[in-house]
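This is what each chain is made of:
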Amino acid sequence: MKKFLNKIKEISEMKNGKAILFFGFYFIFFLILILFLKFSEKNPLSSAEKYEKGNKGYIFYMNKILDKNFKYVFTISLDGIKYTYVGQKNDNKELFNYNGKEYYRSENDFFRNDNIWLKTENPFIFKEFLDISIISKIIEKSSYESKTSFENGKQSYNLLISSNTLNKLLNNVDSDFLEEPNKINISTLEDKNVNNIEFNLDSYCYLNNLCKNSLVIKLEYFDFGGISEIVSPIN
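Every value quoted in this text rests on a predicted model; they were computed, and no experiment measured them. (Residues numbered from 1 in each chain as written. Predicted model: local features only at pLDDT ≥ 70, side-chain atom pairs only at ≥ 80, totals over all residues. Heavy atoms only, no water.)

So, the overall build of the protein chain: which residues are in play, and what are the values?
Across its full length, the protein chain holds 6 helices and 13 strands. Within the protein chain, buried positions represent 30% of all 235 residues. A fraction of 48% describes how many contacts in the protein chain between residues 6 or more apart in sequence connect residues 24 or more apart. With an accessible surface of roughly 15100 Å², the protein chain has 53% of that area assigned to carbon and sulfur atoms. (Helix = DSSP H or I, 4+ residues; strand = E, 2+ residues; numbered from the N terminus. Buried < 20%, exposed > 50% of the residue type's maximum accessible area, 1.4 Å probe, protein only. Contact = heavy atoms within 4.5 Å. Areas by Shrake-Rupley, 256 points an atom, 1.4 Å probe, with all protein chains shown as cover.)

Can you break down unusual backbone geometry residue by residue, with the values?
Phi is positive for asparagine 115, close to 75°, though the residue is something other than glycine. Tracing the chain through its elements places asparagine 115 in the loop between strand E7 (109-114) and strand E8 (116-120). Even without a glycine there, the phi angle at phenylalanine 126 is positive, about 50°. Tracing the backbone through its elements, the reader meets phenylalanine 126 in the loop between E8 and helix H4 (132-141).

Mind laying out the state of the cysteines, listing which residues take part and the relevant values?
Tallying each qualifying case throughout the model produces 1 disulfide. A sulfur-sulfur separation of 2.2 Å characterises the disulfide bridge that pairs cysteine 205 with cysteine 211. For the pair cysteine 205 and cysteine 211, a shared accessibility class is recorded, and that class is buried. (Disulfide = S-S within 2.5 Å.)

Can you break down helix H5 (residues 163-171) residue by residue, with the values?
Every buried residue of H5 is listed here: Ser163, Asn164, Leu166 and Asn167. Along H5, the residues classed as buried sweep out an arc of 160° about the axis, all on the same side. Structurally, H5 contributes buried residues whose contacts are with H4, strand E10 (155-161), strand E11 (182-188) and helix H6 (202-207). (Arc of directions from axis to C-beta.)

Explain the sheet that holds strand E13 (residues 215-222) to me, using residue names and the numbers behind them.
Strand order across the open sheet formed by 11 strands is E8-E7-E6-E5-E4-E3-E13-E12-E11-E10-E9, with antiparallel pairing between neighbours. Because the sheet does not close on itself, it has two edges, and the strands there are E8 and strand E9 (143-149). Taken pair by pair, the neighbouring strands of this sheet meet at an average axis angle of 20°, ignoring direction. As paired elements, strand E6 (residues 101-106) and E7 share 4 bridges and run antiparallel to each other. Bridge pairing in E7 places arginine 105 opposite phenylalanine 110. (Pairing = 2+ DSSP bridges. Axes fitted to C-alpha atoms, helices over the stretch in contact; angles between N-to-C directions.)

This is how it looks when you write it as structure tokens:
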């Protein structure tokens, strides 16, 4: 330290020494500042496992949904008419009930029980909002609005996303609507894992002529890890 101070003194006594010290100080200062900002900045997350936005306490996890082992109730309300899917999922297999019928899903193949199991079309409407991989991208593109914390450790997050962003993400369409943003509510368990997602998509639905007034999609997940096996009913 003493040698360093003596060196500083020598430079200050040189011609233009004070100017050299002045600019040298600010060069080192800004270099340290740039390095600090670079290495302290959080990298963008490429998966849906964890979301952490800024310093607003916006932290939750999707791990339990991504594990693909749970029971679910998906309710889609389109202009006041409800479509409800109640089922269970284990990896890429599902058993669920919809509109009084029993369905089985294996990968992308769907079967309906009409006394015998027959292959059928995908019965899910607005299926892009039920696919967790797409939901993850929607959430990543959304902006934070507010959060509510409860005494039991559960939390509720409110997010916003424009119809223009949804159109680009889902349909690769560049739209330029002047609109009220769509709303997303995300609820978590005590461990910050998501167990409920609700989309209020009135704007997106109306502007794209998919409904007359309203579209609300509510996704409820529970009994995580509780599905030991789904046996195929197809012979």
